[in-house]
Structures are given as structure tokens and as C-alpha cells.
Amino acid sequence: MALSTHTTPSGFLLPSIHSAPPFFTEQPNQNTQAHVTEQWIRLILTYARHKSLFVLRVEDAEVPGSDWDEILRNERINRRIIPSYLSSLMATMVAKNLAVYEPSKQTRAVLLYWRLPEEWADVLHAWATATGQLNTILTFYEISDPPIPSPLSGIPIPLLRRAITILSRSNRAQIIGVADGEGVRFFVG
């Protein structure tokens, strides 16, 4: 089979390297492996952004039917990434600050930074400004699960907290304790 791009059922365009069987295994040559690792990282982050996925788990390579099947498996060439290789890729992403282990005391799941926390902080403040939420106290739940879909819909609370912390440092937000958890007030910035 010749190398070719392929569009998944979700509309994501897979790069041609995804149809190369060696792409799914660790390579013995360090230079080749470094290149393949960069390709995998780019693919994972681009796909996560396309599907608004925030968490990648080693189990996603072990169990069919996950949100990640379209990139972690290629049935056309009968290949899939093995869990230990995915774990290695996740460790590299953490080392490059493109992901963090979440929860922090384990290495089987990462919170992906397809937008860095600083970028999420800017998106969050722009959303608060555009929706008239300045000087209003909002719960984290109201931000991550708004009644009208927004760029922040589904954002995990740990990532939201990091973005708010960044805004707090520049006096554009303040974390406030509310009856049912945590809240935030946004300021003009």
C-alpha cells in the first residue's frame, strides 16, 4: 500500500505517515525515532484540538472504541500503537511541557496542552469580556459547561484553574470561594 493521506469519519485528515507500518513502532535509530516522535506529538495535539479532547490515557491504546481510535489504530494496514510506546510518547510530551500528568502522581494519563495554559488564559478572558462577565462571579462549572457552547466547553477543571491562576497574576481575575466550590471574578485587563 502506498503512503497516502486519509480522512477519518470525524473529518480529520491523517498525514501520509499514518499509513506507514513503522510509524506504529519504536525505531532503533535515534534520529529516526526523534522524527517519528515529533510526528506523533503533532498528530496527537492536532487531533485533540480537532475533537476537543483534553485527556489521553495509556488505556486508549489498549481498548478499542476510545475517542482516540482514529489515530492510535490504522485498520487499513492492520496496525495500532502499543501501550508502552504511547506511554513513552506521553512522557516526551510532558518533558516538552505539551502535557502534564493528571492526576500528578501517576504516569498513565495526561492532560494535553493543544493550547498552552497561557493561551487558555487569553481565550478565557476574551470570552468573559465578550459575554459581559467582567466583575461577575462565575463558578468553574459555569465556565466549563456553559448553556451556550463556547471555546471553553468541556475544559477540565485543572486546566481551567491554571488559566485562571495566570490571569490572577496579571490582575485580570480573582479566585473566590463560593458555596459549592470555587469561583472566579474577571477584571478589565
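Note that the structure is predicted; figures quoted are calculated from it, not measured.

Visitor: Break down the sheet that holds strand β9 (residues 173-178) for me, citing the residues and quoting the values.
Guide: Here three strands make up an open sheet; going across it, the order is β8-β10-β9 and the pairing antiparallel. The sheet is open, and its two borders are formed by β8 (137-139) and β9, each paired with just one other strand. Strand-to-strand, the axes of this sheet are offset by a mean angle of 35°, without reference to chain direction. Here β9 pairs with strand β10 (residues 181-186) via six bridges, running antiparallel. Across the sheet, residue glycine 177 finds its bridge partner in β10, namely glutamate 182. Seen against the sheet, helix α7 (residues 157-169) touches β9 and β10 and runs at an angle of roughly 125° to β9.

Visitor: Talk me through the pairing of β10; I want residue IDs and the actual numbers.
Guide: Relative to β10, β8 is paired through three bridges, and the arrangement is antiparallel. Each residue of the ladder has a partner; that of isoleucine 137, found in β10, is arginine 185. Where β9 hands over to β10, the hairpin turn is made up of two residues, counted between the paired strands.

Visitor: Go over the packing of helix α5 (residues 117-130) against α7, please, and point to the residues and values.
Guide: Their axes nearest at 8 Å, the elements α5 and α7 cross at an angle of 75°. By the angle class used here, α5 and α7 are roughly perpendicular. Mapping the contact onto sequence places Pro117, Glu118, Trp120, Ala121, Leu124 and His125 in α5 and Leu159, Leu160, Arg162, Ala163, Ile164, Ile166 and Leu167 in α7. In terms of residue class, the contact of α5 with α7 is made up of 10 nonpolar, one polar and two charged.

Visitor: How would you sum up the layout of surface pockets? Please name residues and give values.
Guide: By volume, the largest pocket amounts to about 160 Å³. The set of elements that each furnish at least two residues to the lining of the largest pocket consists of α3 (69-72) and β4 (73-74). Its residues assigned to classes, the lining of the largest pocket shows two nonpolar, four polar and five charged.

Visitor: Explain the side chain of asparagine 74 residue by residue, including any values.
Guide: Looking at where asparagine 74 falls in the secondary structure, it is placed in strand β4. For asparagine 74, the contacting residues outside a window of four places in its chain are His18, Ser19, Phe24 and Arg79.

What counts, and where the lines are drawn
- Residues numbered from 1 in each chain as written.
- Predicted model: local features only at pLDDT ≥ 70, side-chain atom pairs only at ≥ 80, totals over all residues.
- Heavy atoms only, no water.
- Pairing = 2+ DSSP bridges.
- Helix = DSSP H or I, 4+ residues; strand = E, 2+ residues; numbered from the N terminus.
- Axes fitted to C-alpha atoms, helices over the stretch in contact; angles between N-to-C directions.
- Contact = heavy atoms within 4.5 Å.
- Parallel < 35°, antiparallel > 145°, perpendicular 65-115°, else oblique.
- Nonpolar A, V, L, I, M, F, W, Y, C, P; charged D, E, K, R; others polar.
- 1 Å grid on protein atoms, 1.4 Å probe; cavity = no way out; pocket = protein on both sides within 12 Å on 5 of 7 lines; lining within 4 Å.
- Points joined across faces, edges and corners; volume = space filled by probe spheres on them.

Without other data, these values stay purely geometric and don't point to any function.
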